[in-house]
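# Fold and contact review
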Amino acid sequence: MKQVIVVRKDLKMSKGKIAAQACHACLGSYKKADSNKIKTWEIDGAKKVIVKVNTLEELFEIKEIAKKNNVPNYMVKDAGRTEIPTGTITCLGIGPDNDEIIDKITQDLKLLS
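One structure accompanies this document, and this report is about it. Chains are numbered independently. Their residues run from 1 in the order of the written sequence. This being a predicted model, a pLDDT of at least 70 is required before a residue's local features are given, and a value of 80 or more before pairs of side-chain atoms are given or counted; all residues contribute to the totals for chains, interfaces and linings. To obtain the side-chain values, all non-hydrogen atoms of the structure were used and water was disregarded.

## Observations regarding the overall build of the protein chain
Defined as follows: Labels follow the DSSP assignment, with helices taken as runs of H or I lasting at least four residues and strands as runs of E lasting at least two, numbered in each case from the N terminus. The globule rule used here is 2.2 Å times the number of residues to the 0.38 power, and the radius of gyration it is set against is calculated over C-alpha atoms. Note on exposure labels: buried denotes an accessible area under 20% of the residue type's maximum, exposed denotes more than 50%, and partly exposed covers the range between, all computed with a 1.4 Å probe on protein chains only.
On a plain count of helices and strands, the protein chain comes out with four helices and five strands. Overall, the protein chain shows an N-to-C arrangement of helices and strands of β-α-α-β-α-β-β-α-β. Its C-alpha radius of gyration of 13 Å places the protein chain within 12% of the 13 Å reference for a compact globule of 113 residues. With respect to the three principal axes, the spread of C-alpha positions in the protein chain is 35 × 25 × 25 Å. Counting every position in the protein chain, which comprises 113 residues, the buried fraction comes to 42%.

## Some remarks on the packing of aromatic side chains
The following threshold applies: Stacked, edge-to-face and tilted are the three classes for Phe, Tyr and Trp ring pairs, Trp counted by its six-membered ring, which pair at centre distances within 6.5 Å; planes under 30 degrees apart are stacked, over 60 edge-to-face, the rest tilted.
What the rule picks out here adds up to one aromatic pair. Centre to centre, the rings of Tyr30 and Trp41 are 5.9 Å apart; their planes meet at 50°, and the pair counts as tilted. With Tyr30 in helix α1 (residues 15-32) and Trp41 in helix α2 (residues 35-43), this pair connects stretches of sequence that are eleven residues apart.

## Considerations on the pattern of salt bridges
Short version of the rule: Salt bridge, as used here: a side-chain nitrogen of Lys or Arg that lies within 4 Å of a carboxyl oxygen of Asp or Glu.
As enumerated under the stated definition, the model contains five salt bridges in all. As a salt-bridge pair, Asp10 and Arg8 come within 2.7 Å of each other at their nearest N and O atoms. On the basis of relative accessibility, which here comes to 9%, the residue Arg8 falls in the buried class. Asp99 is the salt-bridge partner of Lys47, the closest N and O atoms lying 3.5 Å from each other. Taken together, the residues span a long stretch of sequence, with Lys47 in the loop between α2 and β2 (48-53) and Asp99 in helix α4 (residues 99-106) at a distance of 52 residues. Owing to a relative accessible area of 37%, Lys47 belongs among the partly exposed residues under this scheme.

Dropping the structure here:
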């Protein structure tokens, strides 16, 4: 079991901003997940992986794949109070769900560095 957070790199957000947006994505998709999967994920250590995409279009493609696979997901829109304009889509939370299902969606994405 794992959860994956997909972050847009083209926005050039600071590390702190990325961390905050990733937290929003984590909680947003967590709230949409099946309670049994949440329990299993938590027992297994609540694994999270942070990956990146280069464009908004890539993020939407990943969201569609998650949707087609019935995996809980949550797209984060920024409030615009600090670094980026109001309504900017920053990242996507996927899962928690089984590793095999999540990997179908995100296995080709590179880790955020």
